Structure formats: structure tokens, C-alpha cells
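Spelled out, the chains give:
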Amino acid sequence: MERTPCDLLVFGANDVVTWVDGVAGDSVAVLDGKVVAVGDQASLRAAWNPAEETDASGSVLVPGFVDAHTHPVFAVGRAEEFDWRAQGVDYLEIARRGGGILSSVKNVRECDEGRLTEIVEGHFQRMLGLGTMACEAKSGYGLSLDAECKSLRAIRDAAELTGMEVHPTFLGAHMIPAEHRDAPDVYMDLLCEEMLPRVADEGLARAADIFIEEGAFNLQQARRYLERAKELGFALRVHADQFNELGGVQLAVELGAECVDHLEALTDAGLEALALGEKKTFAGLLPAVPHFLRQSIDAPARKLLDAGVPYFVATDFNPGSCYTPSLAEAAHFARVRLCLTASEALYGVTAGAADSLGIGDRRGRIAPGYEGDFLMLDLPDIHHFGYAFGECPVM
Ligand code: NIG
Ligand code: FE
């Protein structure tokens, strides 16, 4: 029988995690950057004639990681806060003292666009090296029309330079900037009447996000902002219930948000809203954050999964509350702190994350038609995923 040419055959893996019923085997064939076949080595060799081959023995093949929640546009880190927290100052108190998000805002505003792009490029390179092939990336350290647009252009240009598939999110509602502290309504007007429309016009972001929290935005402000964003055609992604329950989860569900993230302070009412919501709003689990912030409280992930709420696991990579771009590390914390199984954690950083971004038909799984971006993990089997920490299994 004539064999069909393909570009690559990756063969002989210990396992291939596909997340697609009926698609299984130990080998994968790729043509033109897309998976064309998954199966056992003998049958794939009988059907395909590869230009190149990779021996995957001893490894597990998994879909390329998708990080569905990152804040990569910051100019410098905030390592000093790490010490302050060790001395007992908590995250919201640091913000009240003018540190936190607003100190990153100062640095981003002062950074010129070329340099900012280089920094974001560096972050995307690190993420790619750790197996993240696609990500969501938020602005949110600019908080003015110019600095937010600059941040979103830096995301766009860094994506182009690195080949990372990026889904940009406008987070102009991350915090009230210092110049509007005494007149938050003026900033809300700016967000709703100038910034959101401009970002939409220029096509700089596909989604809009807001931080609903004491010291950030209240529920009334969030409703106005999210309704306006929705009207302008943005998908909605929301930060809520990180420290305090303000009703942000119910609002996100009501407005059909793609996801609501953090959820450490989720109540039974919020859980019920997520479980019963008509358009499925994903629970964004960020388990490395409470670790980084030395908190003892975690999102009630088991309850969410048991209630059938769709979910993903993400890093929340940012300088203040979670300084890791590694999804393997986030998966470890998902296993330790959220009591997810290895499969559940892996699903959260692949298929779940891709589905939440609306790209689950071409990323997050290994099956014919999907992107050929999959990973060889140096693991004997899937149960070892998220078991080790402090080292990266991506080969
Ligand atoms: O998702 N919670 C709000 N925003 C980020 C943290 C940003 C920062 O501290 O710089 C988060 O944790
Ligand atoms: Fe975040």
C-alpha cells in the first residue's frame, strides 16, 4: 500500500494523552503543523511516510500547555514585597500603602514601548520553554489610555516575535490609578467611554477583565464596566472572590462571562450560580497564588469539579501575587492544595484552558485536525504529572 507523506512521526511514547474518546495510541503523525493521525506505531508506519522521526520512548505525550490567565506586561518585579509579606504585611495592606499593583503601574508608564515589548518577549520565551504554547495575556499595569494601549501593543508584538499564540485581554479595571483615587467615577467614565471603545476600535484585545475586590472595584462599578465591554463585543473574564466575596461570581455568570478566576473566597451561593449558569462560565483555578501569598485558604476546587463546573488551571503569572510562568508548577499546586488528580490537573492546563478561550477545537487536545504543538514529558506515566516540583518535565 502506498504510504502518505507526512512531516513528522513521534513514536513509541509510554502514553499519549489526547482527551478525545477513541483517539489513543503511542505515536502521532504531523503534516503542515497539524496532527493527522494518532495510533499505535505499527499502524501509523503502515499508513504514513515521515520526513522526520522522533523517538518518544520513556516519555508521555500531552497537548501543548495553554495558560488561560497571565499578567506578563510588567517592567520590573516586586521582590521587596515578598519580604514585606514575610514580615506580616498582607497583600491588600501593601496595596493600601501604594505598593502592589500601583507600583507596577508607575514602572510600566515610565517604560518605553520598545523596552516593554522586549520584556514581554522575554516572558513569552520563558513560557514557551516551560511548555506553554498558547496563553491569555492581560494588560492592567498601565491604567491610562496610552499606557494600556502601549501594553496591549507590547503583547501583540511580543507574540509576533516569539510565535506564542496569544489571546489578549484588556484589564484597564485592575485598580483605580493614583490620579483618580478621590474620584473613581471619573476613571469609570474614562474606562467606559474612552478606553474600552478605543481598544475595541484598534482590535487590541479580545476580552475585558476587572478585579472585583475591596480596594479595587465594587460590584456596581463592575456591572457598568462589564456591560459596556459586552456591548462593545468583548468576551468577559473576571477576577473575583480572591479575598472577599462581593457578588462578582454571580455577576460574571449573569453576564455570561467566559470565566471567573481566583475563587478562594467562593461561597455556596457563588458555587450554585456557577453550577446552574446557562452559558457555562469556567472556574479559573490559580492554586500557586495562595501559596505565593502565604494564605491558608484555597478555592473549593473539589466542590466545583464535583458540581460539574468547567474549569482550568492557570499560573496567574504576575510580579505581585504569583511570580511563576510555569504551568507544571501550577499543576503541582493544583494537586497539593486543591486535591486534584494528575489527570484533572493536566486537563486544567490543556483542554480546560483551551475551551475557556474558545480554542478547544484546535488546541488543548491531541487528535487529527489539532495543532501539532504537543509536548514530550519526561514522565513514566500520567500519574507522575504534578508529582515532582521545582523541575520542569517538558523535554
Ligand atoms: O490576579 N488580583 C489581582 N491581580 C493580580 C495580581 C496583580 C499584582 O499583584 O500585580 C492577580 O493576582
Ligand atoms: Fe490575575
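Residues numbered from 1 in each chain as written. Chains lettered and ligands numbered in written order. Predicted model: local features only at pLDDT ≥ 70, side-chain atom pairs only at ≥ 80, totals over all residues. Heavy atoms only, no water.

(A) Structural view of the pairing of strand 11 (residues 235-240). Within strand 11, six of the six residues are buried, which leaves the element mostly enclosed by the surrounding structure. The side-chain alternation of strand 11 yields two buried faces, one formed by Ala235, Arg237 and His239 and the other by Leu236, Val238 and Ala240. Handedness of the crossover joining strand 10 (residues 207-211) and strand 11 through helix 8 (residues 219-231) is recorded here as right-handed. Relative to strand 12 (residues 259-262), strand 11 runs parallel, the two sharing four bridges. By the bridge assignment, Val238 is partnered in strand 12 with Val260. (Buried < 20%, exposed > 50% of the residue type's maximum accessible area, 1.4 Å probe, protein only. Helix = DSSP H or I, 4+ residues; strand = E, 2+ residues; numbered from the N terminus. Right-handed = clockwise from strand over helix to strand, strands pointing away. Pairing = 2+ DSSP bridges.)

(B) Layout of the site of ligand 1. Near ligand 1 lie 15 residues; those nearest to it are Tyr91, Tyr141, His174, Asp316 and Ser321. Here an oxygen atom of ligand 1 sits 3.3 Å away from a polar atom, N or O, in the side chain of His71. Taking Ser321, its side chain carries an N or O atom lying 2.5 Å from an oxygen atom of ligand 1. Here ligand 1, which alone exposes 330 Å², has 100% of that area covered by the protein. (Near = heavy atom within 4 Å. Polar contact = N/O pair within 3.5 Å; in protein donor to acceptor, adjacent residues only side chain to side chain. Areas by Shrake-Rupley, 256 points an atom, 1.4 Å probe, with all protein chains shown as cover.)

(C) Broad picture of the packing of helix 13 (residues 327-337) against helix 14 (residues 342-349). Axis separation between helix 13 and helix 14 bottoms out at 9 Å; the angle between their running directions is 140°. Here helix 13 lies oblique to helix 14, going by the angle between them. Of the two elements, helix 13 crosses helix 14, and the hand of that crossing is right-handed. When helix 13 is examined against helix 14, the residues Leu327, Ala331, Ala334 and Arg335 are found in contact with a partner set consisting of Ala342, Ala345 and Val349. Looking at the contact of helix 13 with helix 14, its residues break down into six nonpolar, no polar and one charged. (Axes fitted to C-alpha atoms, helices over the stretch in contact; angles between N-to-C directions. Parallel < 35°, antiparallel > 145°, perpendicular 65-115°, else oblique. Left-handed = near helix turned anticlockwise from the far one by under 90°. Contact = heavy atoms within 4.5 Å. Nonpolar A, V, L, I, M, F, W, Y, C, P; charged D, E, K, R; others polar.)

(D) Here's a closer look at the side chain of Glu258. By secondary structure assignment, the location of Glu258 is in the loop between helix 9 (248-254) and strand 12. When its relative accessible area of 12% is taken as the criterion, Glu258 is described as buried.

(E) Structural context of the packing of helix 7 (residues 184-201) against helix 8. With their axes 10 Å apart at the nearest point, helix 7 and helix 8 run at an angle of 10° to one another. Overall, the two elements helix 7 and helix 8 adopt an arrangement that is roughly parallel. Side by side, helix 7 and helix 8 meet where Pro184, Asp185, Met188, Asp189, Leu191, Cys192, Glu193, Leu196 and Pro197 of the first sit next to Gln221, Arg224, Tyr225, Arg228 and Ala229 of the second. Of the residues in the contact of helix 7 with helix 8, the class split is eight nonpolar, one polar and five charged.

(F) Highlighting the layout of surface pockets. A volume near 280 Å³ is recorded for the largest pocket. Lining of the largest pocket is provided by 15 residues; of these, Ala95, Arg96, Leu102, Met175 and Gly215 occupy positions nearest its centre. Take the lining of the largest pocket: its biggest share by element is three residues, from helix 3 (residues 91-96). Residues of the lining of the largest pocket, tallied by class, amount to nine nonpolar, three polar and three charged. Here the second largest pocket is characterised by a volume of approximately 160 Å³. Taken together, 14 residues make up the lining of the second largest pocket; nearest its centre are Leu379, Ala388, Glu391, Cys392 and Pro393. Of the residues contributing to the lining of the second largest pocket, the split by class is eight nonpolar, three polar and three charged. Here the lining of the second largest pocket spans two domains, since at least three of its residues come from each of domain 1 (4-63 + 367-384) and domain 2 (65-356). (1 Å grid on protein atoms, 1.4 Å probe; cavity = no way out; pocket = protein on both sides within 12 Å on 5 of 7 lines; lining within 4 Å. Points joined across faces, edges and corners; volume = space filled by probe spheres on them. Domains from an automatic or database assignment.)

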